[in-house]
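Coordinate inspection notes
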Amino acid sequence: MFTMRKPRGFNHPYIYVDERKEKLAKMEESAKRELGMLPEKEFSPEDIRGKFVEGTTHLKRRKESGRKPVHLGVILVIIALLIYLWYAISTGII
């Protein structure tokens, strides 16, 4: 009878960051380095950061959606709670 509507999507435009401009600047810099117009760049760990996520589709989707993976600590707490409930029920405390 009644159908649930999807909630309105959230779109946050960045004010001070132009991702397209930064991407073009990186492409120009790498092209100039390949042509020999600029000296070789020193190794920086910042260059590698995020490359694995960009290469895999499921991690890229998770990053875009903002979901966090379930941490091991949360799983251990849930298991401990279940064991305590099982013990309490079996001994007749509850």
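1. Re the UniProt feature "transmembrane region" (unreviewed entry) in the chain
Residues annotated in UniProt with the feature "transmembrane region" (unreviewed entry) correspond here to residues 70-89. Between the end C-alpha atoms of residues 70-89 the distance is 28 Å, and the span holds 90% helix and 0% strand.

2. Brief notes about the pattern of salt bridges
Following the criterion strictly, the structure yields 1 salt bridge and no others. When the shortest N-O distance is used, the salt bridge between R33 and E29 registers 2.7 Å. Placement of both R33 and E29 in helix α1 (residues 19-35) is noted, with a separation of 4 residues, approximately one turn of the helix. Given a relative accessible area of 29%, E29 falls into the partly exposed group.

3. Quick word on α1
Given a rise of 1.5 Å per residue, 17 residues ought to cover 24 Å, and the 24 Å separating the end C-alpha atoms of α1 matches this to within 8%. Phi turns positive one or two residues past the end of α1, at G36, with a value near 90 degrees.

4. Brief notes about the layout of surface pockets
Within this model, the largest pocket holds a volume of roughly 820 Å³. Considering the residues around the largest pocket, the lining is formed by 21 residues, among which K23, K26, R49, K51 and E54 are closest to the centre. Secondary structure elements with two or more residues in the lining of the largest pocket: α1, α2 (45-48), α3 (51-55) and α4 (57-65). Of all the elements, α1 adds the most residues to the lining of the largest pocket, at 9 residues. Residues that form the lining of the largest pocket fall into these classes: 3 nonpolar, 2 polar and 16 charged.

Calculation criteria
Residues numbered from 1 in each chain as written. Predicted model: local features only at pLDDT ≥ 70, side-chain atom pairs only at ≥ 80, totals over all residues. Heavy atoms only, no water. UniProt positions renumbered as here; feature names shortened; annotations may be inferred. Helix = DSSP H or I, 4+ residues; strand = E, 2+ residues; numbered from the N terminus. Salt bridge = Lys/Arg side-chain N within 4 Å of Asp/Glu carboxyl O. Buried < 20%, exposed > 50% of the residue type's maximum accessible area, 1.4 Å probe, protein only. Expected span 1.5 Å × (residues − 1). 1 Å grid on protein atoms, 1.4 Å probe; cavity = no way out; pocket = protein on both sides within 12 Å on 5 of 7 lines; lining within 4 Å. Points joined across faces, edges and corners; volume = space filled by probe spheres on them. Nonpolar A, V, L, I, M, F, W, Y, C, P; charged D, E, K, R; others polar.

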